[in-house]
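Working through the structure, step by step
Each chain, written out:
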Amino acid sequence: MPYSTVQTSMTGKLHFDSVAVRVDEQTPIKAGERALSNLLTLRHGRKDFRASNADSIRQASERMSAMFGLVFGSIAAISLLVDSIGVANMMLVSVAECTREIGMRMAVGARRGDILRQFLVEAVLLCLVGGLAGVALAAVVTQVFGLFAGMPVPISIGSILLTCLCAGGIGVLSSYLLARD
């Protein structure tokens, strides 16, 4: 259809809201954008338009993605710190409640390393179960969000492994620091 027919019959507007331009492969995008801006400014007598290109949109998207990554990474770091304090408190209670058991085990020949291993296994299992429960909850929330957003949200195996590694590391660190004394 001719644009004049569309303007008068279908849209009722006598001006353009937007124009999409594609430059050939040999022309750099910035040079094409400058040339088009110069031509439109010359034809209109003033600059009464806004020009943008896909590269600037991509760069803005990358900056926003990096910012979200930083924010979510900071939240995750704070969460790990709080979790490690919680696990350390739970292990402290566990050690305090098991002083008789520890004493009896040492009386029948258990070494410090045996006691340390017991609490290490307990803490690592506790943290891994908590980490896997967190992964399951995150997967459900992510999929529900994806349904409402109308797009699939992938969950990477790397993030699941990193979560389990961090959870196990927190268990090892908190139990070792408490059980060694």
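Residues numbered from 1 in each chain as written. Predicted model: local features only at pLDDT ≥ 70, side-chain atom pairs only at ≥ 80, totals over all residues. Heavy atoms only, no water.

Attention now moves to the overall build of the protein. Looking only at helices and strands, the protein has six helices and zero strands in total. The N-to-C order of helical and strand elements in the protein reads α-α-α-α-α-α. Considering the protein as a whole, with its 181 residues, one finds that 15% of them fall into the buried category. Counting contacts in the protein only where the partners sit at least 6 residues apart, residues at least 24 apart contribute 57% of the total. When the 16 positive and 13 negative side-chain charges of the protein are each reduced to one mean point, those points stand 5 Å apart. (Helix = DSSP H or I, 4+ residues; strand = E, 2+ residues; numbered from the N terminus. Buried < 20%, exposed > 50% of the residue type's maximum accessible area, 1.4 Å probe, protein only. Contact = heavy atoms within 4.5 Å. Lys, Arg positive; Asp, Glu negative; His and termini not counted. Charge placed at Lys NZ, Arg CZ, Asp CG, Glu CD.)

As a further point, take the packing of helix H4 (residues 99-107) against helix H5 (residues 112-149). Here H4 crosses H5 at 140°, and the two axes come no closer than 10 Å. Helix-helix and strand crossings are classified by hand; for H4 and H5 the assignment is right-handed. Residues Glu 101, Ile 102, Arg 105 and Met 106 of H4 lie in contact with H5, whose contacting residues are Arg 112, Asp 114, Ile 115, Gln 118 and Phe 119. Looking at the contact of H4 with H5 residue by residue, the class counts come to four nonpolar, one polar and four charged. (Axes fitted to C-alpha atoms, helices over the stretch in contact; angles between N-to-C directions. Left-handed = near helix turned anticlockwise from the far one by under 90°. Nonpolar A, V, L, I, M, F, W, Y, C, P; charged D, E, K, R; others polar.)

For side chains bearing opposite charge, pairing can occur when the charged atoms are close. Applying the stated criterion across every chain, the model contains three salt bridges. Here Arg 46 makes a salt bridge to Asp 48, at a shortest N to O gap of 3.9 Å. What makes Arg 46 exposed here is its relative accessible area of 53%. Of the charged contacts, one joins Arg 117 and Asp 114 as a salt bridge, the two residues approaching to 3.0 Å between their closest N and O atoms. (Salt bridge = Lys/Arg side-chain N within 4 Å of Asp/Glu carboxyl O.)

On the surface, a cluster of nonpolar side chains totalling about 760 Å² of accessible area is made up of Tyr 3, Phe 16, Val 19, Val 21, Val 23, Ile 29, Leu 36 and Leu 39. Considering each element in turn, the nonpolar patch owes the most residues, three residues, to helix H2 (residues 29-44). Inspection of the secondary structure puts Leu 36 in helix H2. (Patch = residues over 30% accessible without salt bridge, like charges linked within 9 Å, V, L, I, M, F, W, Y side chains within 5 Å. Areas by Shrake-Rupley, 256 points an atom, 1.4 Å probe, with all protein chains shown as cover.)

Turning to the environment of Leu 132, a few remarks are in order. When you line up the elements, Leu 132 lands in helix H5. With 79 residues separating them in the primary sequence, Leu 132 and Asn 53 have C-alpha atoms 43 Å apart.

Turning to the side chain of Asp 114, a few remarks are in order. In this structure, Asp 114 sits in helix H5. At 3.0 Å, the side chain of Asp 114 forms a polar contact with the side chain of Arg 117. (Polar contact = N/O pair within 3.5 Å; in protein donor to acceptor, adjacent residues only side chain to side chain.)

This part is about the confidence of the model for the protein. Here the protein averages 82 in pLDDT, and 98% of its residues register 70 or above. When mean pLDDT is compared element by element in the protein, H4 scores highest at 87, while helix H1 (residues 3-11) scores lowest at 76. (pLDDT = per-residue confidence, 0-100.)

When you line up the elements, Phe 119 lands in helix H5. Counting along the chain gives 28 residues from Phe 119 to Met 91, while the straight-line C-alpha distance between them is 7.6 Å.

Let's shift gears to the nonpolar core. With 11 residues, the main nonpolar core is built from Val 87, Met 91, Cys 98, Ile 102, Ala 110, Ile 115, Phe 119, Ala 123, Cys 127, Ala 167 and Ile 170. Looking at this core, the elements that each hand over two or more residues are helix H3 (54-97), H5 and helix H6 (157-179). In terms of residues, this core owes the most to one element, H5, which gives four residues. (Core = buried A, V, L, I, M, F, W, Y, C linked by side-chain atoms within 4.5 Å.)

What follows covers the side chain of Glu 33. As for its placement among the helices and strands, Glu 33 is situated in helix H2. Although Glu 33 is buried, it forms no salt bridge, and the closest oppositely charged side chain is Lys 30 at an N-O distance of 4.4 Å. Look past the residues within four positions of Glu 33 in its chain and what remains in contact with it is Ala 51, Ser 52 and Asn 53.

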